[in-house]
Amino acid sequence: MKIDQFYINGQWTQPHGTNVLELINPSNEDVVGVLSLGNQEDVNEAVKAARNAFLSYSNSTVEYRINLLENILNIYKEKMDEFAELIRIEMGSPITFSKNAQALRGVVHLEAAILALKNFNFQKCTNTGFILHEPIGVCGLITPWNWPINQIMVKVAPALATGCTVVLKPSEYSSLSTQLFAQVLHEAGVPHGVFNLVYGDYEVGEAISLHPDIDMISFTGSTQAGIKVAQNAALTVKRVAQELGGKSPNIVLDDVDFDTVITLAVAACFTNSGQSCSIPTRLLVPQSQLKHVETIAIKAAQSYVVGDTSNELTTLGPLVNLKQYERVQSLIQTAINEGATLIHGGLGKPEGLEKGYFVKPTIFSDVHSKMIIAQEEIFGPVLVILPYFSESEAIDIANDSPYGLASYIQSNDENRAFEIAKRIRAGNVQINYPPPDFNAPFGGYKQSGNGREWGEYGLHEYLEIKAVIKRNGVCK
């Protein structure tokens, strides 16, 4: 597959950049494509197209934008299997997970954005006039590879819903599914210049965050990269919304069915091969139950099927690339050096898998909060178990992190769990493994970012607030 065209001003265009990147299937290390990378000139053209389109699109009616998003939704649904297969190839997502989670997220987030738009009041009366919610302008969207369509949709959908125009820079490692996404928007009749796509590496991301004609940046990625984006954006006082790293705790209280809860804890941590920022990677359990928890966790880890991502029975795929594989291996070695107790998995690839960036499902126990393995985001199928002696200590351990994206609490007493939830410094707290709520706000405290995505809360990030005060104070 050769991706040598960008989507700018409603047209497929040749990039000005000359650098290319080989696209590798992480399951077998085969080259599956070549991606052309852009430069500052490509960004300039995309921003110019978005700026010109904003003049008319920002004044489009809500009804028009609802119809446009519904067109996108209908065409996206027709191509769901294509999206699932491309995500399987580009990031090694097992096909069952790719269909039922990765590709499906495009549908549920778009549906949530449409519902929010239908119910949103862009003009409100006050005692002295009006409060208007107006589109902020041209939005630079920078997305990661780990949930490619999910992360694109939670930015593009609310931006289009509110009347903004877009310049999207996805991860180089998710270009296959992004190219299909651009085709969906083209077929849906998105007006020229409203959606623009530029591929690239650090150079393109920096050009977007520095560009004086971009009004807002929405970034998802590492905390280190997010800091640089915010510094660049500050030079032109852009709004910045960021969803960054996480090291989410999972507090298991002493009143639960441990067999069920711990089995689900392992599954939650190994979601997407551990390549998710909000999954519970720190398992906090009562000290008195530590050995029992270890036995259950080992059994759960042993049930995972690692291997061929085209096999519907495979439950754990590889990491996205060699760099990520080597990083996770290094962190596993660090945990061993720190004295954490390795109870399952460890260094190297699973038996029988010589090719592909596969990592053994790995569990460390008797981990202490100050260990690197308990503080640093791993982004691989690695679970760390931390014992605690009291409920208060569990809360302290949960909050002992530079991150605050998500947190999990397991208890047979949901009132007890709710009181703990109020003391957790995180943007999202889930009690007893509830199903996802795509209308609830998603975002973090501390170094996990700022701003919120999903549903109505996602719309606010793309809106300016204007107060119109009238002399007679009558709102009509």
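Further up the page is the structure itself.
Model, not experiment: these values are computed from the prediction.

(A) Focus on the environment of Y173. Note that Y173 resides in the loop between β9 (165-169) and α6 (175-188). In this structure, the C-alpha to C-alpha distance between Y173 and E90, residues 83 residues apart in sequence, is 6.5 Å.

(B) Representation of the sheet that holds strand β19 (residues 406-410) in the model. With respect to topology, 7 strands assemble into an open sheet ordered β15-β16-β17-β14-β13-β19-β20, the strand pairing being mixed. In this open sheet, the two strands that pair with only one neighbour each are β15 (341-344) and β20 (428-431). Shown here is a sheet whose adjacent strand axes are inclined to one another by a mean of 25 degrees, direction ignored. By the bridge criterion, 3 bridges tie strand β13 (residues 248-252) to β19 in an arrangement that is parallel. From the neighbouring strand, N250 faces β19, where its bridge partner is Y408. Those strands touched by helix α9 (residues 258-269) are β13, β14 (280-286), β17 (382-388) and β19, and its axis lies near 160 degrees from that of β14.

(C) Here's a closer look at the pairing of β9. A large share of β9 lies buried, amounting to 5 of its 5 residues. Burial along β9 is two-sided: T165, V167 and K169 facing one way and V166 and L168 facing the other are all buried. With 5 bridges connecting them, strand β8 (residues 138-142) and β9 associate as parallel partners. For I142, the partnering residue across the bridge sits in β9 and is K169. Traced from β8 through helix α5 (residues 148-162) to β9, the parallel crossover comes out right-handed. Of the strand pairs in this sheet, β9 and strand β10 (residues 195-197) are connected by 3 bridges, and their pairing is parallel. The residue bridging V167 from the neighbouring strand is N196, located in β10. Handedness of the β-α-β unit built from β9, α6 and β10 comes out right-handed.

(D) Structural context of the pattern of salt bridges. A full pass over the atoms with the stated rule returns 17 salt bridges. Of the charged contacts in the structure, one is a salt bridge between D215 and R51, with a shortest N-O distance of 2.8 Å. A residue pair is termed long-range when its members are at least 10 positions apart, and D215 in the loop between α7 (202-210) and β11 (216-220) and R51 in helix α1 (residues 40-57) qualify at 164 residues. Overall, D215 belongs to the partly exposed group, its relative accessible area being 24%. Residue R51 is classed as partly exposed on the basis of its relative accessible area, which comes to 25%. When salt bridges with common partners are traced through the structure, they connect D254, D255, E391 and R416 into a single cluster.

The rules behind the values
Note on numbering: residues in each chain are counted from 1, in written sequence order. Confidence filtering applies because this is a predicted model: local features only for residues at pLDDT of at least 70, side-chain atom pairs given and counted only at 80 or more, and all residues used for totals across whole chains, interfaces and linings. Hydrogens and water molecules were not included; the side-chain quantities draw on all heavy atoms of the structure. Under the scheme used here, helices are H or I runs from DSSP no shorter than 4 residues and strands are E runs no shorter than 2 residues, and both carry numbers assigned from the N terminus. When DSSP finds at least two bridges between two strands, those strands are taken to pair. Angles here are taken between N-to-C directions and fall from 0 to 180 degrees, while the axes themselves are lines fitted to C-alpha atoms, restricted in helices to the stretch in contact. Pairs of residues are marked as contacts when any of their non-hydrogen atoms sit within 4.5 Å. Accessibility here uses a 1.4 Å probe with only protein chains present; expressed as a share of the type maximum, an area under 20% marks a residue as buried, one over 50% as exposed, and anything in between as partly exposed. Place the viewer so that the strands point away; then a crossover is right-handed whenever the path from the first strand over the helix to the second strand goes clockwise. Salt bridges are counted wherever a side-chain nitrogen of Lys or Arg sits within 4 Å of a carboxyl oxygen of Asp or Glu.

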